[in-house]
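A closer look at the structure
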Amino acid sequence: MKSSARTAALVAGAVAVLVAPVAALKAWSEPADPRISVGAPAAATLLPGDVRDASGRMIANAVWTGLVSYDPKTGAPVNAAAASVTSPDRRVWTVRLRPGATFQDGSPVTSRSFTGAWTAVLRERWAGSRLFTEVARVKGARAGEDAVAGLEVKDGLTFEVTLDRPLNGFPALLGDPAFFPVPESVLASRDWASYGRAPVGNGPFRVRSRTAREIVLRRRSGEGRSVVVRAMPDAKRQYTAAGAGDLDVATLVPPDRHESMEADFGDRHLAVPGRDVTFLAFPSRLERLSSPTVRTALSMAIDRSAVTEGPLGHQYSPADSLVAPGIRPGHREGQCRLCVHDSKAAVAALADAGGLKSPLNLWYEAARGDDAWVKAVAAQLGRELRLDARPRPVADLREAVDSHQVDGPFVVHATAAYPAPVASLAPLLDAGTGFDEYATGLLAEAERAATPDEGVIPARLAETALLRDMPAMPLWSRHDHLVWSERTRGVTADAFTGLRLDRLTVTR
């Protein structure tokens, strides 16, 4: 080899030796995927009015901005797309929008973007329709109909909502995805299939792409990293990937890793209190279950912790009040002393009440996922109180209650529609339990109070009265778990919004 060629080869080799570590270091320090990754079960739909799962709610709150949002520290509603939501009587509400807001396609956000979207929710009978008909009770709101008497557009940025009765919590309700706006072009076309595949919202993220495996959300501002929501229904896979740094945030934690989260992730884990409570309710017409002493005996005989840590896989917290723990404004812990497991007290209370004849059927809706825990509770009542407690699944529990087939305690799943104590208690009114006029009146007073804060006291008095008579015994409330990688920052979540994708950042 000539000297010049040999020198060139040596120089090239030296450069390769020097470059290789630099390239390797760069590859190590820069992740292959610069996006922020979140694992979650696949959302059933991206139509905001039809959202029915936690994944859909999480994504909807990133793609849309509602009239109000929820303060992550207090849970209180704060105006977002709305400049104001006011009412002189808590029944007729005037909503004024912030001027200049647009959807991600550039079209303006107007009054009709909201009123038309709400009408569509009712007309199409989407999951959110019950919030208009049963919770807000908007005047003239009926599922399947194409006109709502209680919605009136005043001008491009102002509309009026008339309810059937005063509700001071109406502004807080407006943060639910069912109340999000839709562009007027989509309202005119009614092409919901296309819109569901590639929705256009007015929020901080836009849907850049969507496949069966992932949804990519790009920040509307163009600054900051995109977020990819990966379809990962398996909790173990999420947990392992987050621990290895292959996933930034896991929204599911497997039951067998609950006790080791702190050891595995240090302070990089979070339990998010929920907005639902599971109850065993008592039919008001049954004389043998009408005694509060019998009901409290049954309540104290149930070891809630054993069930939440066993059949429910650490995904629920034992109830200590009637109000869901995820409701921060006005919530009180430790209100249900009779929810504490006490075998001796339960046996004594049942004896004082004159006993209870067996069998005791525990009614619940089949195919809803309640089988394991209902069997566990039945077994506990058998051991503690020597009762022949029998699980009784039915295809339609509501029909069984209304037709008086139910002859024992029955399962009620109550979910608060907005963050207020009365919102957690009100669903029990329609459950077929024996509420007395005093408690019913207090809940009505809480709803029509001048302000949400003034409604807290009557709601608390109602809770105290209900815990005394125990027409429905609280069992547990679901909570969510989050764990995240070492590079992830800004993990924030609450019961009504879920994981806040717009607050996530990474260090590299």
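The structure reproduced in this document is the subject of the present report.

Parameters at a glance
- Residues numbered from 1 in each chain as written.
- Predicted model: local features only at pLDDT ≥ 70, side-chain atom pairs only at ≥ 80, totals over all residues.
- Heavy atoms only, no water.
- Helix = DSSP H or I, 4+ residues; strand = E, 2+ residues; numbered from the N terminus.
- Buried < 20%, exposed > 50% of the residue type's maximum accessible area, 1.4 Å probe, protein only.
- Areas by Shrake-Rupley, 256 points an atom, 1.4 Å probe, with all protein chains shown as cover.
- Lys, Arg positive; Asp, Glu negative; His and termini not counted.
- Charge placed at Lys NZ, Arg CZ, Asp CG, Glu CD.
- Patch = residues over 30% accessible without salt bridge, like charges linked within 9 Å, V, L, I, M, F, W, Y side chains within 5 Å.
- Salt bridge = Lys/Arg side-chain N within 4 Å of Asp/Glu carboxyl O.
- Phe/Tyr/Trp six-rings, centres within 6.5 Å; stacked < 30°, edge-to-face > 60°.
- Core = buried A, V, L, I, M, F, W, Y, C linked by side-chain atoms within 4.5 Å.
- Contact = heavy atoms within 4.5 Å.
- Expected span 1.5 Å × (residues − 1).
- Pairing = 2+ DSSP bridges.
- Disulfide = S-S within 2.5 Å.
- Polar contact = N/O pair within 3.5 Å; in protein donor to acceptor, adjacent residues only side chain to side chain.

1. What to know about the overall build of the protein
Per the secondary structure count, the protein includes 17 helices and 22 strands. Viewed in the frame of its principal axes, the protein has a C-alpha envelope of about 110 × 60 × 40 Å. The buried share among the 508 residues of the protein stands at 50%. Within the structure as shown, the protein displays about 22,800 Å² of accessible surface, and the carbon and sulfur contribution to it stands at 51%. Computed over 61 positive and 58 negative side-chain charges, the inter-centroid distance for the protein is 6 Å.

2. Side note on a positive patch on the surface
Side chains of R206, R208, R218 and R220 sit close together on the surface and give a patch of like positive charge. Relative to the helices and strands, R206 resides in strand β8 (residues 205–210).

3. Quick look at the pattern of salt bridges
Throughout the structure, instances matching the rule amount to 16 salt bridges. Residues E134 and R130 are paired through a salt bridge, measuring 3.7 Å at the closest nitrogen-oxygen approach. Within this pair, E134 and its partner R130 are both found in helix α4 (residues 129–135), separated by four residues, close to a single helical turn. Measuring nitrogen to oxygen at the nearest pair gives 2.7 Å for the salt bridge that ties D264 to R257. Take R257: its relative accessible area is 31%, and that puts it in the partly exposed class.

4. Brief notes about the packing of aromatic side chains
Enumeration according to the criterion identifies 13 aromatic pairs in this entry. A centroid spacing of 5.5 Å and a plane angle of 80° characterise the contact between W118 and F159, whose relative ring orientation is edge-to-face. Taken as a pair, W118 in helix α3 (residues 111–123) and F159 in strand β7 (residues 158–162) lie far apart in primary sequence, 41 residues in all. An identical accessibility class is assigned to W118 and F159; each is buried. With 5.0 Å between their ring centres and 85° between their planes, W126 and W192 make a pair best called edge-to-face.

5. Some remarks on the nonpolar core
Counting residues in hydrophobic clusters, the biggest one holds 143 residues, and the most contacted among them are L67, W118, L217, L298, L381, Y418 and L501. A total of seven residues in this core trace back to one element, the largest contributor, which is helix α13 (residues 371–385). Ignoring any residue separated from it by four or fewer positions in sequence, one finds Y418 in contact with V135, L167, G169, A172, L173, I327, A423 and F496.

6. Side note on α3
Across its 13 residues, α3 extends 18 Å between first and last C-alpha, which sits within 8% of the 18 Å expected from 1.5 Å per residue. Among the 13 residues that make up α3, 11 are buried, leaving the element largely enclosed by the rest of the structure. Those residues of α3 not exposed but buried are S111, S113, F114, T115, A117, W118, T119, A120, V121, L122 and R123. As for α3, its buried residues are in contact with β5 (92–97), α4, β6 (151–155), β7, α6 (184–189) and α7 (192–197). Once α3 finishes, R125 follows within two positions and takes phi at roughly 60°, a positive value.

7. Regarding the pairing of strand β9 (residues 214–219)
Here five bridges tie β8 to β9, and the two strands are oriented antiparallel to one another. Bridge pairing in β9 places R206 opposite R218. The turn linking β8 back onto β9 is made up of three residues. Bridging between β9 and strand β10 (residues 227–231) involves four bridges; their strand directions are antiparallel. Paired with I215 across the strands is V229, a residue of β10.

8. Quick notes on the state of the cysteines
Per the stated rule, a full pass over the model turns up one disulfide. Covalently, C336 is tied to C339 through a disulfide, its sulfur atoms 2.0 Å apart. In this structure the cystine formed by C336 and C339 twists about its S-S bond by roughly 80°; its chirality is therefore right-handed. C339 gets classed as buried once you look at its relative accessible area, which sits at 6%.

9. Re the side chain of T278
Take T278: it is sitting in strand β13 (residues 276–281). T278 sits in the buried class, given a relative accessible area of 1%. A polar contact of 3.3 Å, which involves the side chain of T278, links it to the side chain of H413. Among residues more than four places away in sequence, those in contact with T278 are W373, V411, V412, H413, M473, P474, L475 and W476.

10. A few points about the pairing of β7
Counting buried positions along β7 yields five of five residues, so the element is predominantly enclosed. Because side chains alternate across β7, one face comprises the buried residues T158, E160 and T162, and the other comprises F159 and V161, equally buried. In the sheet, β5 pairs with β7 via five bridges, with the strands oriented antiparallel. In the strand pairing of β7, V95 is matched with F159. Pairing between β6 and β7: four bridges, direction antiparallel. In the strand pairing of β7, L151 is matched with V161.

11. Notes on unusual backbone geometry
Looking along the chain, the bond that leaves S358 and enters P359 is cis, with omega of 0°. Along the chain, P359 falls in the loop between α12 (343–352) and β15 (360–365). Positive phi, normally seen in glycine, also occurs at R125, with a value near 60°. Mapped onto the elements, R125 comes out in the loop between α3 and α4. On the accessibility criterion, R125 (57% relative accessible area) is exposed. Of note, A367 is a non-glycine position whose phi angle comes to about 60°, a positive value. Residue position: A367 is located in the loop between β15 and α13.

Everything listed here is a matter of coordinates, which is why it stays silent on function.
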